[in-house]
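Given next are the chains, with one letter for each unit.
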Amino acid sequence: MLRKPILMPANLIEKVDRIAKDRNVSFAEVIRNAVDVLGEDDMTAEEETLLEALLDEVIRSTTDLAAKLDQTITY
């Protein structure tokens, strides 16, 4: 497996932590499961909401990083 750090808002981290605790699995396992169901038609509303929030955060953090890299290059 590879390690990939991600940035997430505190409320989303709390939600993933709660799901992990309820299912007795790791934080990473919840994320892997959420990504695995991407594109599957049998997602629960909770899984769909979690996945959408994760994807929104990935897009936001990637956009922020690109802007900071542009600033650094310009500097």
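Residues numbered from 1 in each chain as written. Predicted model: local features only at pLDDT ≥ 70, side-chain atom pairs only at ≥ 80, totals over all residues. Heavy atoms only, no water.

Q: Help me understand helix α2 (residues 27-36), please; the structure alone is not making it clear to me.
A: Note that an α-helix has 3.6 residues per turn; residues three or four places apart therefore point the same way. Of all the residues in α2, the buried ones are V30, I31 and A34. Down the axis of α2, the buried set is contained in an arc of 95 degrees. They therefore lie on one face. (Buried < 20%, exposed > 50% of the residue type's maximum accessible area, 1.4 Å probe, protein only. Helix = DSSP H or I, 4+ residues; strand = E, 2+ residues; numbered from the N terminus. Arc of directions from axis to C-beta.)

Q: Explanation requested: helix α3 (residues 45-74) in the structure shown.
A: A rise of 1.5 Å per residue sets the reference length of α3, with its 30 residues, at 44 Å; its end C-alpha atoms lie 43 Å apart and thus fit the reference within 8%. All of the buried residues in α3 are L50, L51, L54, E57 and S61. In this fold, the buried residues of α3 make contact with α1 (10-23) and α2. (Expected span 1.5 Å × (residues − 1). Contact = heavy atoms within 4.5 Å.)

Q: Explain the pattern of salt bridges here, please?
A: Across all of its chains, the model carries three salt bridges by this definition. With a closest N to O distance of 2.4 Å, E57 and R60 form a salt bridge. Taken together, the residues span about one helical turn, with E57 and R60 both in helix α3 at a distance of three residues. For E57, a relative accessible area of 9% translates into the label buried. Overall, R60 belongs to the partly exposed group, its relative accessible area being 39%. (Salt bridge = Lys/Arg side-chain N within 4 Å of Asp/Glu carboxyl O.)

Q: Hey, could you run me through the nonpolar core in this one?
A: Looking at soluble globular proteins, one finds that nonpolar side chains tend to be buried together. Counting residues in hydrophobic clusters, the biggest one holds eleven residues: M8, L12, V16, I19, A20, V30, I31, A34, L50, L51 and L54. Residue assignment for this core shows that the elements contributing at least two residues are α1, α2 and α3. Each residue touching V30, except ones within four places of it in the same chain, is listed here: V16, I19, A20, V25 and L50. (Core = buried A, V, L, I, M, F, W, Y, C linked by side-chain atoms within 4.5 Å.)

Scope: geometric values only; no functional claims are made or implied.
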